[in-house]
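Remarks on the overall topology
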Amino acid sequence: MSSARQPLVCLASASPRRRDLLSSIGVEVDVKPCHIDETPQPGESPDDYVVRLAVEKALEADTLTSLPTLGSDTAVVLDGRILGKPRDQAHGAEMLAALSGRRHEVLTAVALTGPAGMLKCCVATQVCLGDISDKQIAAYWQTGEPLDKAGGYAIQGLAAVFVATIEGSYSAVVGLPLYETATLLREQGVPIWNNMLE
């Protein structure tokens, strides 16, 4: 899609992955990154956590634009524990070692403001990584890819070679569940590529 098209949505995220996913379904965006406190609240479930962050991002960016505003958040969850972005190499290696040979859950929430009010959803995807050696973990860190990724890996990048199985939405693991996001966009009156077919 041409970048010269008018933006249809304000994206409350600096993530190039989310921008590219929206562009792939014909939705150009105006990017307004929001910086909020991402610390989990005491007793907060992983589902509630990602939904809260998505809503907070959407509401913060909503004050800056007249467009519908989309906020999203992704969390990697292992044994009920949220694995955030790696603080440093040791933390990144610790997370990947914990995920090695294990099944985990990736939760992605989407919140969208607009004429229909605040719409939101949360999508869970099951991912199983194969066994990853310490040497592979160290080499992967050196690529720079894990730095800003939840759980310390990018399924759409070099870490694809670690992914044994996936059950659910691939695009949600990348950063945005496109089927569910398209549904919310239609409810807010935002056209996507196949609106003309309806």
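The rules behind these values
- Residues numbered from 1 in each chain as written.
- Predicted model: local features only at pLDDT ≥ 70, side-chain atom pairs only at ≥ 80, totals over all residues.
- Heavy atoms only, no water.
- Pairing = 2+ DSSP bridges.
- Helix = DSSP H or I, 4+ residues; strand = E, 2+ residues; numbered from the N terminus.
- Buried < 20%, exposed > 50% of the residue type's maximum accessible area, 1.4 Å probe, protein only.
- Arc of directions from axis to C-beta.
- Contact = heavy atoms within 4.5 Å.
- Axes fitted to C-alpha atoms, helices over the stretch in contact; angles between N-to-C directions.
- Parallel < 35°, antiparallel > 145°, perpendicular 65-115°, else oblique.
- Left-handed = near helix turned anticlockwise from the far one by under 90°.
- Nonpolar A, V, L, I, M, F, W, Y, C, P; charged D, E, K, R; others polar.

On to the pairing of strand S6 (residues 119-129), then. In this structure, strand S5 (residues 103-112) lies alongside S6, joined through 10 bridges in antiparallel fashion. The residue bridging His104 from the neighbouring strand is Val127, located in S6. Connecting S5 to the next strand, S6, in antiparallel fashion are 6 residues, including Gly117 with a positive phi near 90 degrees. The pairing of S6 with strand S7 (residues 163-167) spans 4 bridges and is antiparallel. Its bridge partner being in S7, Val127 is matched across the sheet by Ile166.

As a further point, take helix H4 (residues 134-142). Looking at H4, one finds that the buried residues are Ile137, Tyr140 and Trp141. What you see down the axis of H4 is that its buried residues fit within an arc of 100 degrees, all on one side. Projecting away from the buried face of H4 at angles above 90 degrees are the exposed residues Lys135 and Gln142. On its buried face, H4 is in contact with helix H3 (89-99).

Below, the discussion takes up the packing of H3 against H4. Where H3 meets H4, the closest approach of the two axes is 10 Å, and the angle between their N-to-C directions is 130 degrees. Here H3 lies oblique to H4, going by the angle between them. With respect to the hand of their crossing, H3 and H4 are arranged in right-handed fashion. Taken together, the residues of H4 that come into contact with H3 (itself represented by Gln89, Gly92, Ala93, Leu96 and Ala97) are Ile137, Tyr140, Trp141 and Gln142. Class assignment of the residues belonging to the contact of H3 with H4 gives a composition of 6 nonpolar, 3 polar and no charged.

Glancing now at the environment of Ala160. By secondary structure assignment, the location of Ala160 is in the loop between H4 and S7. A C-alpha to C-alpha distance of 32 Å links Ala160 and Gln41, two positions 119 residues apart in sequence. Not counting the four nearest positions on each side in its chain, Ala160 is found in contact with Ala154 and Ile155.

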